[in-house]
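The lines below spell out each chain.
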Amino acid sequence: MQDDLLAIAKKAVGAGTSMGVECEAFVQKSRHTSVTVEGGNITFGSLDGDHGVGIRTIKEGRTGYAYCSADTIDFGLKQAIAVSKFSKPGKYAFHDDKNYSSERSLFDNRIASLVPEDGIRLAREMVDGATYDKRALASRGGVGFGIMGMAIANSNGVVAYDEGTFISGGMMSVIKQDDMVSNGDESDISRFLDFNFDNIGHTATERAVSQLNQKSVETAPMTVIMRPSAAFDIMCSTVAPALYGPSVKKGESVYAGKIGQQVAAANISLLDDGTFDKGLNTYAMDEEGYPSQKNVLIENGILKMFLYDEFSAIDSGAKPTGSAMHAERMGAGTTYRTPPVTCARNLVLKGETMSEEEMIRNTRNGVLVLDVLGAHTANKASGDFSVAIYSGYAIKDGEIAYPLNGGMIGGNMPGLLKEAALADNYRLVGAGLSPATGYIPSIKFENVRVAGDQ
Amino acid sequence: MIRAVEEALKGRADYFDVRSTDVTSTDLEMKNNEVSRAIAGKEVGACVRVLYGGAWGFASTPDLGEPSLKEAADRAARMARSISEKIGEKSTLAPVSTSNGTAEIPMKKNFLEMNIESKLQLLESTYEAVKDYDFIANLTSAYRDTYTVEELRTSDGTNIITKTPRVFWELMIVGRKDGDIQSIRRRIANTKGFEAFDGGIEIETARDAVSSLVALLAGKSPPSGQMPVIADPGLTGVFAHEAVGHASEADLVATGNSCFEGMIGKKIGNDIVTIKDDATIPGLFGSYIYDDEGVRTRTKVLIDKGILNDFILSRETAAKLGMTPNGGARAESYHYRPIVRMSNTYIERGDATFQEMLEGIKMGIYVKDTRGGQVNTSMGTFQFNAQEAYLIEDGEIKKPLRDVSLSGHTLEILQYIDLVGRDLTLGHPGICGKGQTAPVGDGGPHIRISKCLVGGR
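Just so you know, these numbers come straight off a predicted model, no measurement behind them. As a convention, each chain's residues are numbered from 1 in the sequence order in which they are written. Just so you know, chain letters begin at A and ligand numbers begin at 1, following the order they were written in. With pLDDT at 70 or above as the cut-off, local features in this predicted model cover only qualifying residues; side-chain atom pairs require 80 or more to be listed or tallied, and sums for whole chains, interfaces and linings still use all residues. With hydrogens and water excluded, all non-hydrogen atoms of the structure serve as input to the side-chain values.

We now examine the overall build of chain A. The helix and strand tally for chain A stands at 11 helices and 22 strands. The C-alpha radius of gyration computed for chain A amounts to 23 Å, which stays within 12% of the reference 22 Å derived for 454 residues, consistent with globular compactness. With respect to the three principal axes, the spread of C-alpha positions in chain A is 70 × 55 × 35 Å. Out of the 454 residues belonging to chain A, those deemed buried represent 62%. Exposure was quantified through the Shrake-Rupley algorithm and a 1.4 Å probe, taking into account, for residues, occlusion by the shown protein chains and nothing else. When the accessible surface of chain A is summed, it comes to about 16100 Å², and 48% of that surface belongs to carbon and sulfur atoms. In this tally Asp and Glu are treated as negative and Lys and Arg as positive; neither His nor the chain ends contributes. Charged side chains are reduced to one point each, which is NZ for Lys, CZ for Arg, CG for Asp and CD for Glu. Taking the average location of the 43 positive side-chain charges in chain A and that of its 55 negative ones, the two points are 5 Å from each other. Only DSSP runs of H or I covering at least 4 residues are called helices, and only runs of E covering at least 2 are called strands; the numbering of each starts at the N terminus. When we talk radius of gyration, it's over C-alpha atoms, and the globule rule is simply 2.2 Å times the number of residues to the 0.38. A 1.4 Å probe rolled over the protein chains alone gives each residue an accessible area, and that area as a share of the maximum for its type sets the label: buried under 20%, exposed over 50%, partly exposed in between.

Attention now goes to the overall build of chain B. The helix and strand inventory of chain B stands at 9 helices and 22 strands. For a compact globule of 457 residues, the expected C-alpha radius of gyration is about 23 Å, and chain B comes in at 23 Å, within 12% of that figure. When the backbone C-alpha atoms are referred to their principal axes, chain B occupies close to 70 × 55 × 35 Å. With 457 residues in all, chain B has 63% of them scored as buried. Expressed as a percentage of contacts within chain B between residues at least 6 apart in sequence, the contacts between residues at least 24 apart total 75%. Counting every atom, chain B has about 16200 Å² of accessible surface; 46% of that belongs to carbon and sulfur. The average position of the 54 basic charges and that of the 63 acidic charges among the side chains of chain B differ by 3 Å. Residue contacts are defined here by distance: any two heavy atoms, one from each residue, within 4.5 Å place the two residues in contact.

In this structure, Met226(A), Tyr255(A), Phe385(A), Ile409(A), Met413(A), Ile443(A) and Phe445(A) are the most contacted members of the largest nonpolar core, which totals 60 residues. No other element matches the 6 residues that helix α6 (residues 228-236) of chain A contributes to this core. With residues up to four places along the chain from it excluded, the contact list for Phe445(A) reads Met222(A), Thr223(A), Val224(A), Met226(A), Met413(A), Leu416(A), Leu417(A) and Ala420(A). Joining through side-chain atoms within 4.5 Å is the link that ties buried Ala, Val, Leu, Ile, Met, Phe, Trp, Tyr and Cys residues into a set, and such a set is a nonpolar core. By size, the runner-up hydrophobic cluster in this structure holds 44 residues, among which are Ala247(B), Ile347(B), Phe384(B) and Ala389(B).

To continue, consider the sheet that holds strand β10 (residues 302-303) of chain A. All names here are of chain A. Across the sheet, which stays open at both edges, the 6 strands sit in the order β10-β9-β8-β13-β21-β20 with mixed pairing between neighbours. Each end of this open sheet is capped by a strand with a single partner; those strands are β10 and β20 (427-431). Pairing between strands requires that DSSP locate at least two bridges from one strand to the other. As paired elements, β20 and strand β21 (residues 434-440) share 5 bridges and run antiparallel to each other. Across the sheet, the residue bridging to glycine 430 is threonine 437, located in β21.

Residues and elements named next belong to chain A. Stacked, tilted and edge-to-face are the three classes assigned to paired rings of Phe, Tyr and Trp, where Trp is represented by its six-membered ring and a pair needs centres within 6.5 Å; plane angles under 30 degrees give stacked, over 60 edge-to-face, the rest tilted. If you walk through the whole model with that rule in mind, you get 18 aromatic pairs over all chains. Feature note: the residues Tyr92, Phe94 and Phe311 constitute an aromatic cluster, connected by ring pairs. Positioned above the aromatic ring of phenylalanine 311, the side-chain terminus of arginine 56 is 4.0 Å from the ring centre. Working rule: Lys NZ or Arg CZ, within 6 Å of ring centre, within 35 degrees of ring normal, means a charge sits over the ring. Over the face of the ring belonging to tyrosine 283 we find arginine 191, whose NZ or CZ atom lies 4.7 Å from the ring centre.

Residues and elements named next belong to chain B. Residue ranges assigned to each domain were obtained from an automatic or database domain assignment. Entries for chain B in the domain assignment read domain 1 (2-218) and domain 2 (225-455). Computed over C-alpha atoms only, the centres of domain 1 and domain 2 are separated by 22 Å. Counting from both sides, the interface comprises 50 residues of domain 1 and, opposite them, 41 residues of domain 2. What gets called buried area is simply the loss in accessible area from a 1.4 Å probe that two parts show on being joined, summed for both. Of the roughly 3600 Å² buried where domain 1 meets domain 2, counting both sides, 51% is carbon and sulfur surface. Every case where a carboxyl oxygen of Asp or Glu lies within 4 Å of a side-chain nitrogen of Lys or Arg is listed as a salt bridge. Viewed at the interface, domain 2 and domain 1 are joined by 5 salt bridges. Between aspartate 156 and arginine 315 there is a salt bridge; the shortest N-O distance is 3.2 Å. N or O atoms closer than or at 3.5 Å make up a polar contact, with two conditions inside protein: a donor-capable atom paired with an acceptor-capable one, and, for residues adjacent in sequence, both atoms drawn from side chains. Run the count over domain 1 and domain 2 and you get 19 residue pairs in polar contact (both at pLDDT 80 or more). Going through the elements one at a time, β1 (15-31), β2 (34-52), β3 (55-61), β5 (136-154), β6 (159-177), β7 (180-190) and α4 (201-217) are the ones with two or more residues in the side of domain 1 that touches domain 2. In terms of residue count, the dominant contributor to the side of domain 1 that touches domain 2 is β7 (10 residues). Each residue is assigned to one of three groups, with Ala, Val, Leu, Ile, Met, Phe, Trp, Tyr, Cys and Pro labelled nonpolar, Asp, Glu, Lys and Arg labelled charged, and all others, Gly among them, labelled polar. Per-class residue counts for the side of domain 1 that touches domain 2 are 24 nonpolar, 14 polar and 12 charged.

All names here are of chain B. Taking burial as the measure, the 7 residues of strand β8 (residues 225-231) include 6 buried ones, the bulk of the element. With 6 bridges joining them, β8 and strand β22 (residues 447-455) adopt antiparallel strand pairing. Bridging across to β22, valine 229 finds its partner in isoleucine 449. Pairing between β8 and strand β15 (residues 363-376): 3 bridges, direction parallel. In the sheet register, isoleucine 230 faces β15, and the bridge partner there is tyrosine 366.

In a pair of packed helices, the angle between the axes and the distance between the axes together describe the arrangement. All names here are of chain A. Interaxial angles span 0 to 180 degrees and are taken between N-to-C directions of axes, which are lines fitted to C-alpha atoms, for helices over the stretch in contact. Running from N to C, helix α4 (residues 116-130) and helix α5 (residues 197-210) point in directions that differ by 30 degrees, and their axes come no closer than 6 Å. The chirality of how α4 crosses α5 is right-handed. Residues Leu122, Glu125, Met126, Asp128, Gly129 and Ala130 of α4 form the contact with α5, whose own contacting residues are Phe197, Asp198, Ile200, Gly201, His202 and Thr205. The handedness criterion is simple: a crossing whose near helix is rotated anticlockwise from the far helix by less than a right angle is left-handed, and one whose near helix is rotated clockwise is right-handed.

Between chain A and chain B, the contact holds 78 residues from the first and 77 residues from the second. Counting each side, the surface lost to burial between chain A and chain B is near 6400 Å², with a carbon and sulfur contribution of 52%. When the buried area of chain A at its contact with chain B is split by residue, Leu47(A), Phe86(A) and Arg449(A) rank highest and sum to 11% of it. The tally of links from chain A across to chain B stands at 6 salt bridges. We note a salt bridge from Arg140(A) to Asp251(B), for which the minimum N-O separation is 3.7 Å. Linking chain A with chain B are 32 residue pairs in polar contact (both at pLDDT 80 or more). Ranked by the residues each element gives to the side of chain A that touches chain B, the list is headed by strand β2 (residues 41-59) of chain A, at 10 residues. The residue makeup of the side of chain A that touches chain B, split by class, is 30 nonpolar, 32 polar and 16 charged.

As a further point, take the packing of helix α3 (residues 116-130) of chain B against α4(B). All names here are of chain B. It is the contact of α3 with α4, at a shortest axis distance of 9 Å, that shows an interaxial angle of 40 degrees. Taken together, the axes of α3 and α4 are oblique relative to one another. Once α3 is placed against α4, the crossing between them reads as right-handed. On α4, the residues that touch Leu122, Ser125, Thr126, Ala129 and Val130 of α3 are Glu202, Ile203, Ala206, Arg207 and Val210. Oblique is the label for every angle not falling under 35 degrees (roughly parallel), over 145 degrees (roughly antiparallel), or within 65 to 115 degrees (roughly perpendicular).

Here we take up the sheet that holds strand β11 (residues 307-308) of chain B. Residues and elements named next belong to chain B. If you walk across this open sheet you meet the 6 strands as β11-β10-β9-β14-β21-β20, and the pairing is mixed. Looking at the sheet topology across the chains shown, the edges are occupied by β11 and β20 (425-433). Taken together, the 3 bridges between strand β9 (residues 275-277) and strand β10 (residues 300-304) define a ladder with antiparallel strand orientation. Its bridge partner lying in β10, isoleucine 275 is registered against isoleucine 303. Sitting on the sheet, helix α5 (residues 233-245) is in contact with β9, β10, β14 (344-347), β20 and β21 (437-444), with an inclination near 125 degrees to β21.

What follows concerns the pairing of strand β16 (residues 384-396) of chain A. Residue and element names in this part refer to chain A. Of all the 13 residues making up β16, 12 are buried; the element is thus mostly covered by neighbouring parts of the structure. Where strand β15 (residues 365-373) meets β16, 8 bridges bridge the pair, whose relative direction is antiparallel. Bridged to asparagine 365 within β16 is lysine 396. One ladder, built from 5 bridges, connects β16 with strand β18 (residues 408-412); its direction is antiparallel. From the neighbouring strand, phenylalanine 385 faces β18, where its bridge partner is glycine 411. Of the pairings in the sheet, the one linking β16 to strand β17 (residues 399-403) comprises 4 bridges and is antiparallel in character. Bridge pairing in β17 places isoleucine 395 opposite isoleucine 400. Adjacent in sequence and paired antiparallel, β16 and β17 are bridged by 2 residues, among which aspartate 397 carries a positive phi angle near 50 degrees.

Now the structure itself:
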């Protein structure tokens, strides 16, 4: 794949140069296999792939973007140049930083050599895991795996390539008993074939069992412990975008003007690390070919820096941070169809940790929230959120008391981070509507507004 | 083309279909008065879906040439065969009459014949309409149009070409006052041509957004807990979509994942509640003529006077549930198989006036429009968020609130709808995510919910 994609990227840049413009080409190729579980059965399998070229040009300080296929590069270039006349001129230039680390790509040959039959086998393992309890139905889920490769070149001499593997599994188990219904969810995702599919099904069903006999939560401010997926879901719609240089420049960030100030608990640091060795978005470079780096955004509670892609860095007089992604509009992926924007890659929370059990033991009255509904409805400008509890438990006097029948939690995420504490149960997590991913543990927040039927 | 695939699949498919799409699109964005995105794109591709031994295989290709299609067919058939070897319950398809010919949704103002300059004017006029308010920190406006030509051929004789234009306009305004930041969003989207914006509707909508932003900037945090709620048509629509529409999706029903399973014919809501999903209303964002299985779509009365009446169905789920397909299978693109999706989901009008709804509320909330929502269909728990909200005290609308979310359980809340307004507004557009995205619409009248869980920050 490497030689092919690099040849296309170089060809596009060469063609752009001969048309008299500066040019950057992003060539992406992916292959994806998925196997679907519905109603306890493996019902469907898909072999999909995508391949295309995103072209960005600069002509007389004006930038344009277009996408095309490897066979229609001239068409793509002409489109990009044609639309560039609408953009505001600036001092834009493509970077020439080629200081790539020589570490190996996060590539697992075992994933690369999986065939559809392997996917079917792993899906079956997941269904078997889920049905250890005969009451449970492996309602919906699936297995997905694939490869993504990308080549980037620009007219400033940058030529870069990297590729990576992915595998994921997810299951929702449903139990219907008497008049009660409960569901339990579990998923895992990795760059390596390093997790057990049987466990995913088993955990999903365990959760469904533990969600039987739900009760309402009371309405009061209380301690809320959020599991990684719930916490990351909300952070991606509140804290993460506020750390992007373009939001700061537009005055849409609660962190604007706060560099050097305390914005989180003193023992918490937040990194965006494009080099993280487990990271779902770890590649040698970002999607503009800028070398990946480790960015310390918040260090011991103090705000240190913001993230930039190459053009927003120029707009703000900053340096790029290796944070450019061709983020899909409404999805978790990246695609050559959209131009690069600033986006967190692998957000990692660091600091003093304790076990989640200890956190629970120290909580007199609170809730443990596994997943939430509606994180995307948070107010990105202010960081306020108000979401429903998808799955959670009441904590009474240091113990898990009962599963919750809905209820809501709300607060201001940037504010809550100032009194947050970290557990040690780190997980790789993704966000539904952004390619940003994270590696974070459960987080304990104080004085969160909880609303329920009582 | 179909012959080549037919040959490749000889003896290896009980059913197959080939769907090819050709999408022409324009994607524009302005931040304040500067163009921040202008992309003109064209994309073609095809996919082959094979049913063999009760199992499905699927493969896609961006290349419409015969060798690529044959290869995709071969890969789909191999996948189906592998899955079929140890299949439990077999998938089948409910019979439908075949569809043939061309179904074209007309454009009065053909955006394919317009240049980018004239489309950008729409965003420029939006900016001009509201630029002078000093509390507006930023304004982002976006325009997108897509023209999709799709050809579907199935092994049981359907050969239908559909041509669908869609336009989408969105405005996001961020306002600042006394160090406080708030944002508001408005959308206009239709299945039609550029005539969707006739009469300067974007300017009117932008001005309306500004007045909402003023209220938000003055807004206070809401009270929390159970209370009566009046929802405007925008929020009523999202309620219909999240709380009822998703649970009515037959793929969820058939896999034990809907609180509506086994409840057709049962009374689940107040008599005054009728909820429909209707792709046949011309021009709305979720409208279409044939679904992506070639089935002509029809009006689905999901809840008829409080009684659960119908689900949204694909051919496969209709067979599984012993029902008749109603044209509810949609695919985002050639990368995906069609799955059960909503179209335009709304609550039918009633006879109450807004004043009647306010009367008798000692303390409650009036909620308007939405930033979105989400649902857990198996348990029927839903959340949705209002863009704008007001406190109701002693039957009167009082101070503005902000960041109000609502949550509840579908089967309870349908009983708690105690008044349905005589007004009806359709055409509230949305983009629904369910692994794939789909353009949808929703709407309804004002409704009153006697008690609903309200949460704030």
